[in-house]
Every structure is written in C-alpha cells, then in structure tokens.
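Architecture at a glance
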Amino acid sequence: MVDLTIEIAGLRLKNPVITASGTFGFSQEYAPYVDLNRLGAITVKGITLLPRSGNPPPRLVETPAGILNAIGLQNPGVDYFAASILPYLSQFEVPVIVNMAGETVEEYAVLANKLSELNNIAALEVNISCPNVEKGGLQFGSDPAAAAEVTRAVKNNTSLPVIVKLSPNVTRIETVAQAVAQAGADALSLINTILGMAIDLKKRRPVLGNIFGGLSGPAIKPVALRAVWQVFEEVSLPIIGMGGIFTAQDALEFIMAGAKAVAVGTANFINPRATIDILEGIENYLRENKIKRLSDLVGAAHCKQ
Amino acid sequence: MTSYNTVNITRQDEIAPGFYLLSFKSPFSVHQAQPGQFVYLRCDNTYDPLLPRPFSIAMVDGGKNEVAILYQVVGRGTALLAQKKELDRFTVLGPLGRGFTLPPSGRLFRPKGGPKRVEPLESFPPSFLRIAVVAGGVGIAPLFFLLQRLKDLPDLTIEVLIGVRSIKQLLLATEIKSLSPQVKLHLATDDGSCGFHGSVTEILATLLKADKIDLVYACGPEAMLKIVAELLTKHNVPGEVSLERQMGCGVGACLSCVCKAKGERENSFRYRRVCKEGPVFPVQEIIWEE
Ligand SMILES: Cc1cc2nc3c(=O)[nH]c(=O)nc-3n(C[C@H](O)[C@H](O)[C@H](O)COP(=O)(O)OP(=O)(O)OC[C@H]3O[C@@H](n4cnc5c(N)ncnc54)[C@H](O)[C@@H]3O)c2cc1C
Ligand SMILES: Cc1cc2nc3c(=O)[nH]c(=O)nc-3n(C[C@H](O)[C@H](O)[C@H](O)COP(=O)(O)O)c2cc1C
Ligand code: FES
C-alpha cells in the first residue's frame, strides 16, 4: 500500500487530486462518470455574493493545445449555493473547497463571513486572479499590496483555511505569493489562466464576446510548472499546482516542483474521468518506484544530488 | 444512462462529397436515446485539436444497438474523423442534452380563435397532428433520428422540408422517403438543381399560410432558424429548434455554450446551456442575435 494522503493548511486529503474551479461545475454534472468519493477534494465554480449572469457569448475558443475562456464568473450567488448546492455536495465523503470572488475588498470580506457560517465547507479558495471580469479579479491579483489586503479581509472573517489563488499574469509571482503569505494565507493555488485572445478572420473581429480570455490546457503547463517551482523556493506555504495537468506524469512533475496537491481543470473536458485516471497513474508510479509516501516526492526536483 | 467509453467504428461512408455517415457500436442503449440528443466525441487523440466535437445522433439501429452520426467536413477535427475506418476506435461521451419533445399520443385541439394546443387523447375529438420537419444542410442529422421515432406514432402527417445548396449535397432523401407513407418530402435548392429554387423557409411559409401545419421541428444554420422562428411567431404555431454553440465540457459544467433565452420576467433574459437545457429549445424561448 502506498500512502497518498497529504495535508494542506490543516486539511487532510485522502489523495492529492482536486478538481480545478470552474471546470467541474458543482460536480453533479460529472457524477455519472466519476465516483466523486474517490477525489481528494472538490473545488466548486467561483461563487460571488450576488448572482452573476456572466459575459456575452462566444465564451470559449479552442487554440493550439489549449482553450481560451471568458465565462465571466457566471454563478447563482452564495444564497442559492448554500440552499441548493451545498446540501448535494455534503452527501459525499469529499472535502469541498469553495472558490470565491468579489469586486471590492469589502465584498470578499462579507462573502467569507457568509460562507463561514455554513456547514460542510472545508476551505475557501480566494480567486484574485480571474482575467474575465471587469472589476475585481486580476486587479487584486496583480498588485501585491491589494492581494495582501484581500487576503487579510478574508482571514479576518473566517476560521476556515484560506487558500489564495494566484495569477500568472504578473512579472514576479513570488512577490505576490510572499505578500499573501505575510497577510496570513494558509495555502496557495497556482496558476489561474493566462490572459490571451483570438481573432476570427471571417468576421475580422475578436472571437470572444469579452475580447480577452484566459488560456488553459496543455499549452500553459510549462508556465504553471515554472510558477510552482519559483514560489516553492521562496515561500513555505503548501501549494496546489494546476495548469495543463492531463496525465499522471504531468501531475508528478508538479509534485516534484513543489506542489503538495494538484488540480485538474481543462482535462475534464477531454476526458471526464481524467481525475481518476491521474489518481490511479500516480498510485502506480509510487508502487513501481517503491515510494511509500507521496509526501516524500513533494519538491523532490529541488534537491541537489 | 449517459456514459463515457471507447467505441469501435462499424462503418463509415462518404454519402455525398464532404459528408460522412459514421456508425459505431453504441455504449448506451439506443432505445433510451432521444432524438435531438448529441454525442461528444474525440476525433483523434491529439492535443491539437484538443476538444472533443459534438454531433447529433442521426440514426439508431435498435437491433444491432448501433448509433450513426452524419457530419460535414468543415475543419481539422472533422477532417481527422473522415480518415477513420472500420474497427478504428474513439471515445464517446453521451447521449447528452435535451432532445425534441415527441408529440403526445393525442390529437390536436384548437379552441375557436385561441392558440393551437396539443391535448391528451381522452378530452378531445380525434384529428391528425400535422407536423413539419425543416432541415437546412447537415441539419437533417438530428431530424432523421426524429423521423425514425415519429414514423411509429399514430395519427400524424409529416411534411419533411429540406433545403440544400445543390442536389449534390442532398442527404438521406431516399431513406426519408422509404421511412413511411405518412412522410411527404419537399426539396429546395439554392441553385435550382432540384425541387423549389430558393429557400426552404419559403416552402414553410406557404404551408403555414395555408394553415396546414400544427407543429414544427427545425435544425440548420442559425439564419434559417431565425426565419423559422419569425414565421412560427407570426402564425402562432409551436415548434422546437436545435442550436449549435462552441462547447467545452459538453455536460453542463463549464458554462461555455450558452445562448440567450427569455427570462422569467418580461424583457429579461437568461443564459441557457446548449449542452444541457438544449440543444433543442422551444422556438419562442430563444432571443435571436442580430
Ligand atoms: C449540439 C451540436 C450538434 C451538432 N451536430 C452536428 C452534426 O450532426 N453534424 C455536423 O456535421 N455537425 C454538427 N455540429 C457541428 C460540429 O460540431 C462542428 O462542425 C465541428 O465541431 C467542427 O469541428 P472541426 O474541427 O472540423 O472544425 P473547426 O476547425 O473547429 O472549425 C472549422 C470551421 O467550422 C466552424 N464550426 C466549428 N464548430 C462549429 C459549430 N459548433 N457550429 C457551427 N460551426 C462550427 C468554425 O466556425 C470554423 O469556421 C453540431 C454542433 C453542436 C453544438
Ligand atoms: C471554463 C473555465 C472556467 C474557470 N472558472 C474559474 C473560476 O470560476 N474560478 C477560478 O479561480 N478559476 C477558474 N478557472 C481556472 C481553472 O480553475 C484553472 O486554474 C486553469 O484552468 C488552469 O488549469 P487547467 O489548465 O488544468 O485548466 C476556469 C477555467 C476554465 C477553463
Ligand atoms: S459545454 Fe460546458 S456547459 Fe455546455
């Protein structure tokens, strides 16, 4: 037997495979294909204080080895989430991580407070890195001081573990990571999507209704891996790595770069069983290489031999 | 009952230049699939193109439990798919989405002056329900499966209206004619090479004006569907249309594939997922973009 358990910010996960926010809905949609109880944790679609209708379509376009999305945080709002979605999620033996976003620091604070009053939430993932909304999002994630301020506001309003999700659309991601660490973050998720765009030659217009979108999928994996590596070297917080993880090999690279857990996003669209396939692949790798504990591999690539 | 599986191709034929009919052993029971539902399949195991592609179920064979899709080669994914041969394998997710509503096994009732309604059999005197099935180009795909199901229902007449660019692109016409004697076929071509010279919506307009249609099902280019919607509103006839949008997950999780639909309050709108609440929508629900 290999030991796949890991601990992140006081949260014990039975394995390191998590769903990436926005790519797994509220998980009902994938229940026919995936035994949800096998997942390390479920991170739900970003929730805001009030319902949001999202951006005008088209919202997605395929690019080489990736996709650009500009959903614009469409979600039913925290009250609906609490009343109609959380009870469904609570029937599974899986920690639920709630991804949350706001337009102002105050909104993050109020939302954190509201979510903390609910049962069956394991942690908050603070999205300060959504490239697809006019206000909030990236504006907080690209400025270390603002990122720290949001982190503090959330921390002051919750007793749940706080995971801050960082954007790669910055010059030095380590600087933002340090700022949110000092502000009290318990863990880091990286990375969110990379800002990009595509143009429709027939219409001679940007493809996406929002003009810009966030790039995800295999195309961004090297960038994400580099971000995990750099942050691991400079900040001691546990890291959830994500960005183009499609196979167990990809996941293991992130773990060796310093991620304690991994999140699977776009891969779910190509293979709805991707999370389970990756989990089984990691387990096989450990067994074949006679590694007893997954935690022994975390950051392994940093050790100089 | 939806599932994710690797399947074997049992047959693939180019039935018209650039149009392919591809059959595979169905991983789900075809008896439970609804006309209008789609499958999300990977054309090849590549990272580029990355996403699966959605295709309507075009035909089912209950005896062999096989599904066929009918597709047009328009880009790289469909070009890769066209190279596949018998026994080649690919992954299929499905059946997905909400299909067409089959008419109740009842009769048509029309109160004097009021809108037409389909009511249960018990309450009203019998008469025939007159259905029009309107297809533009490869839009015939989900409608053929619909016809396979409609032909077994009692008390219907079915007018099938097909519009194509030219006779070379006419798909499944022989198969449609041999489905049932209840089915009457009307053709329209853009170049006049066969049938009516003009748009298929003009045939529909004539039938509606003559008060010969009670219910319409349509699939085709969005510009055609928009005209169908206008005609149905004008003549106060109910109908359903099948829409296409770029998809991400195909299962309702990512909110990529939305179309604009009427909201609960007047003049409000809401986004509906084509992969989940659709791809088939009641025609009066859609807000058509300019
Ligand atoms: C629910 C649903 C059911 C469908 N059923 C069928 C079917 O039964 N038969 C069939 O031939 N096609 C069907 N389509 C369309 C089909 O999915 C696209 O033609 C296919 O994805 C194109 O892939 P590609 O890689 O060949 O083209 P790409 O390289 O992705 O695109 C090539 C060109 O095709 C256009 N295109 C791409 N996707 C779509 C789309 N979804 N709708 C319209 N144009 C598109 C693009 O604008 C581009 O110009 C359906 C689409 C949906 C959403
Ligand atoms: C369609 C879509 C929606 C997303 N929605 C959210 C969101 O609501 N909140 C968030 O923090 N990240 C969101 N993301 C980002 C992902 O969680 C993830 O960080 C990113 O896609 C990189 O991982 P991947 O390449 O494995 O998809 C979304 C990504 C996609 C593709
Ligand atoms: S394709 Fe993901 S919600 Fe429809």
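This text gives an overview of the structure that appears in the document.

Thresholds, definitions, all that
- Residues numbered from 1 in each chain as written.
- Chains lettered and ligands numbered in written order.
- Predicted model: local features only at pLDDT ≥ 70, side-chain atom pairs only at ≥ 80, totals over all residues.
- Heavy atoms only, no water.
- Helix = DSSP H or I, 4+ residues; strand = E, 2+ residues; numbered from the N terminus.
- Rg over C-alpha atoms; globule rule 2.2 N^0.38 Å.
- Buried < 20%, exposed > 50% of the residue type's maximum accessible area, 1.4 Å probe, protein only.
- Areas by Shrake-Rupley, 256 points an atom, 1.4 Å probe, with all protein chains shown as cover.
- Lys, Arg positive; Asp, Glu negative; His and termini not counted.
- Charge placed at Lys NZ, Arg CZ, Asp CG, Glu CD.
- Core = buried A, V, L, I, M, F, W, Y, C linked by side-chain atoms within 4.5 Å.
- Contact = heavy atoms within 4.5 Å.
- Near = heavy atom within 4 Å.
- Polar contact = N/O pair within 3.5 Å; in protein donor to acceptor, adjacent residues only side chain to side chain.
- Nonpolar A, V, L, I, M, F, W, Y, C, P; charged D, E, K, R; others polar.
- Patch = residues over 30% accessible without salt bridge, like charges linked within 9 Å, V, L, I, M, F, W, Y side chains within 5 Å.
- Salt bridge = Lys/Arg side-chain N within 4 Å of Asp/Glu carboxyl O.
- Phe/Tyr/Trp six-rings, centres within 6.5 Å; stacked < 30°, edge-to-face > 60°.
- Lys NZ or Arg CZ within 6 Å of the ring centre and 35° of its normal.
- Buried area = accessible area lost by both parts, 1.4 Å probe.
- Expected span 1.5 Å × (residues − 1).
- Pairing = 2+ DSSP bridges.
- Axes fitted to C-alpha atoms, helices over the stretch in contact; angles between N-to-C directions.

**Things to note about the overall build of chain B**
- Helix and strand counts for chain B come out as five helices and 18 strands.
- Taking 2.2 N^0.38 as the reference for a compact globule, 290 residues should give roughly 19 Å; the C-alpha atoms of chain B span a radius of gyration of 19 Å, in line with that estimate.
- Projected onto the principal axes, the alpha-carbon positions of chain B cover approximately 60 × 45 × 40 Å.
- The burial tally for chain B puts 54% of its 290 residues in the buried class.
- Of the roughly 12900 Å² of accessible surface on chain B, a fraction of 51% belongs to carbon and sulfur atoms.
- Side-chain charges in chain B split into 34 positive and 29 negative, and the spacing between the mean points of these groups amounts to 2 Å.

**Observations concerning the nonpolar core**
- Counting residues in hydrophobic clusters, the biggest one holds 143 residues, and the most contacted among them are F81(A), L166(A), L188(A), L190(A) and I282(A).
- Residues contacting L166(A), with those up to four places away along its chain left out, are I128(A), S129(A), I173(A), V176(A), A177(A), V180(A), L188(A), S189(A), L190(A), I191(A) and N192(A).
- Membership of the second largest hydrophobic core comes to 35 residues, among which are F100(B), I140(B), L146(B) and L172(B).

**Describing the site of ligand 2**
All names here are of chain A.
- The full set close to ligand 2 counts 23 residues, and S21, K165, G217, G244 and T266 are the nearest of them.
- Contact distances for ligand 2 include 3.1 Å between an oxygen atom and a side-chain N or O atom of K45.
- Isolated, ligand 2 exposes 610 Å² of accessible area, and the fraction of that covered by the protein chains is 98%.
- Looking at side-chain class alone, the shell around ligand 2 contains six nonpolar, 15 polar and two charged residues.

**Some points on a nonpolar patch on the surface**
All names here are of chain A.
- Taken together, the side chains of L195, M197, I199, L201, I211 and F212 make up a nonpolar region of the molecular surface, amounting to roughly 600 Å² of accessible area.
- With respect to the helices and strands, F212 occurs in strand β14 (residues 212-216).
- According to the relative accessible area criterion, F212 is partly exposed, its value standing at 41%.

**Looking at the packing of aromatic side chains**
- Per the stated rule, a full pass over the model turns up 10 aromatic pairs over all chains.
- Their ring planes at 55° and their centres at 5.6 Å tell us that F55(B) and Y71(B) sit as a pair that is tilted. Residue F55(B) is found in strand β4 (residues 53-56), and its partner Y71(B) is found in strand β6 (residues 66-72); the two are separated by 16 residues along the sequence. One exposure class covers both F55(B) and Y71(B), and it is buried.
- Centre to centre, the rings of F269(B) and Y271(B) are 5.2 Å apart; their planes meet at 70°, and the pair counts as edge-to-face.
- Judged by relative accessible area, which is 37%, F269(B) ranks as partly exposed.
- The class for Y271(B) is buried, based on a relative accessible area of 13%.
- Grouped by ring-pair contacts, the aromatic residues Y20(B), F55(B) and Y71(B) constitute a single cluster.
- Here the basic side chain of R59(A) rests over the ring of Y271(B), its NZ or CZ set 4.6 Å away from the ring centre.
- One Lys or Arg, K260(B), reaches over the ring of F269(B) and ends 4.5 Å from the middle of that ring.

**Considering the interface of chain B and chain A**
- With 27 residues of chain B at the interface, the matching set in chain A holds 34 residues.
- For the pair chain B and chain A, the two sides together bury roughly 2400 Å², of which 65% comes from carbon and sulfur.
- Contact with chain A buries surface across chain B, with Y47(B), L50(B) and Y271(B) losing the most and accounting together for 25% of the total.
- Taking the shortest distance from any N to any O, the salt bridge between E29(A) and R273(B) comes out at 3.8 Å.
- Counting every contact that joins chain B to chain A gives seven residue pairs in polar contact (both at pLDDT 80 or more).
- Breaking the side of chain B that touches chain A down by element, the ones donating at least two residues are β1 (3-16), β7 (89-96) and β17 (269-273) of chain B.
- Class assignment of the residues belonging to the side of chain B that touches chain A gives a composition of 17 nonpolar, six polar and four charged.

**Brief notes about unusual backbone geometry**
- At the junction of L190(A) and I191(A), the peptide bond is cis and its omega measures out at 15° in the coordinates.
- Structurally, I191(A) can be placed in the loop between β10 (187-190) and β11 (194-197).
- Of note, the bond from G94(B) into P95(B) is cis; its omega dihedral lies within 30 degrees of zero at 0°.
- With respect to the element layout, P95(B) can be found in strand β7.
- Positive phi is not limited to glycine here, since D155(B) has a value of about 60°.
- One can find D155(B) in the loop between α2 (140-150) and β11 (156-164).
- Positive phi is not limited to glycine here, since D211(B) has a value of about 60°.
- Take D211(B): it is sitting in the loop between α4 (200-209) and β14 (215-219).

**Here we look at the pattern of salt bridges**
- This structure, assessed with the given rule, holds 22 salt bridges over all chains.
- Note that D296(A) is salt-bridged to R293(A), the shortest N-O span being 3.5 Å.
- One connected set of salt bridges, linked through shared partners, spans E29(A), R273(B) and E277(B).

**Quick word on the environment of P221(B)**
Residue and element names in this part refer to chain B.
- Of note, P221 is situated in the loop between β14 and α5 (222-235).
- Accessibility expressed as a relative area gives 47% for P221, which makes it partly exposed.
- Expressed as a C-alpha distance, the spacing of P221 and P17, which sit 204 residues apart in the sequence, is 19 Å.

**Notes on helix α9 (residues 274-288) of chain A**
Residues and elements named next belong to chain A.
- Helix length check: α9 (15 residues) gives 21 Å between terminal C-alpha atoms against 21 Å at 1.5 Å per residue, within 8%.
- Contacts made by the buried residues of α9 are with β3 (17-19), α7 (248-257), β16 (261-264) and α8 (267-270).
- Residue K290 follows α9 closely and has a positive phi angle near 50°.

**Overview of the sheet that holds β6(B)**
All names here are of chain B.
- Taken together, the seven strands give an open sheet; going across it, the order is β4-β3-β7-β1-β2-β6-β5, and neighbouring strands pair in antiparallel fashion. Whereas interior strands pair on both sides, the edge strands pair on one side only; in this sheet they are β4 and β5 (59-61). Neighbour to neighbour, the strand axes of the sheet diverge by 35° on average, direction disregarded.
- Sheet topology note: the β1/strand β2 (residues 19-25) ladder contains six bridges and is antiparallel. Across the sheet, the residue bridging to A16 is F19, located in β2.
- In the packing of α2 onto the sheet, the strands contacted are β4, β5 and β6, and the crossing angle to β5 comes to about 45°.

**A look at the environment of G136(B)**
Residue and element names in this part refer to chain B.
- Looking at the secondary structure, you find G136 in strand β10 (residues 129-136).
- We classify G136 as buried; its relative accessible area is 10%.
- It is 26 Å that separates the C-alpha atoms of G136 and L93, two residues lying 43 residues apart in sequence.
- Ignoring any residue separated from it by four or fewer positions in sequence, one finds G136 in contact with G163, C219, G220, P221 and M224.

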